[in-house]
Amino acid sequence: MIKHVPGKERKVVGQLKAWSAKDEIAHLTFWLETFVKNIKNRQSKNPLIDTNNYLAVNDAAWARYKDLSWAEVEEKLSRVFDDIETQGKALRLEELTDASVFTLEGKPLVKSLLYEVVDHPLHHFVKLY
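Now for a look at the structure at hand. Just so it is clear, the structure is predicted and the values come from calculations on it, not from any experiment. (Residues numbered from 1 in each chain as written. Predicted model: local features only at pLDDT ≥ 70, side-chain atom pairs only at ≥ 80, totals over all residues. Heavy atoms only, no water.)

Examining the overall build of the chain
Alright, step 1. Per the secondary structure count, the chain includes six helices and zero strands.
Alright, step 2. Secondary structure elements of the chain occur, N-terminal to C-terminal, as α-α-α-α-α-α.
Alright, step 3. With respect to the three principal axes, the spread of C-alpha positions in the chain is 50 × 30 × 20 Å.
Alright, step 4. Within the chain, the proportion of its 129 residues that are buried is 37%.
Alright, step 5. Long-range contacts, defined here as pairs at least 24 residues apart, represent 69% of the contacts in the chain between residues at least 6 apart.
Alright, step 6. With the model as given, the accessible surface of the chain reaches about 7900 Å², and the carbon-plus-sulfur share is 57%. (Helix = DSSP H or I, 4+ residues; strand = E, 2+ residues; numbered from the N terminus. Buried < 20%, exposed > 50% of the residue type's maximum accessible area, 1.4 Å probe, protein only. Contact = heavy atoms within 4.5 Å. Areas by Shrake-Rupley, 256 points an atom, 1.4 Å probe, with all protein chains shown as cover.)

Below, the structure written as structure tokens:
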């Protein structure tokens, strides 16, 4: 999936405060997985995963994902995009567009979706390329 990362960049081992290309992709994967889990939590009326202290959350996610191989990170990323598609298809239009019907952050879900799938990844892809 992430085939455009040069071979030498694929061999770099990242550090907690100096992420490798794989760490950047794993970071995005983690946040997309969290987004999907929070949609499911909201639907089942369970508490949302608390991400307010996102710097500590990022550090914990890095520690959890740092030893995954490129293949494992790419598989997780592919799987989470499938999960987002499945979740999106299951939502009614009102759940996507009306914050009074369904929200994770007090705004229409579509805004959170655009941030998680477009804005946030773009920020990290700029770093990679």
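Side note on the packing of aromatic side chains
The way to describe two aromatic rings as a pair is by their centre distance and the angle between their planes.
Alright, step 1. Counted under the stated rule, the structure contains two aromatic pairs.
Alright, step 2. Three or more aromatic residues joined by ring pairs form one cluster here, namely Phe-30, Trp-31 and Tyr-65. (Phe/Tyr/Trp six-rings, centres within 6.5 Å; stacked < 30°, edge-to-face > 60°.)

All we've got here are geometric facts, nothing functional implied.
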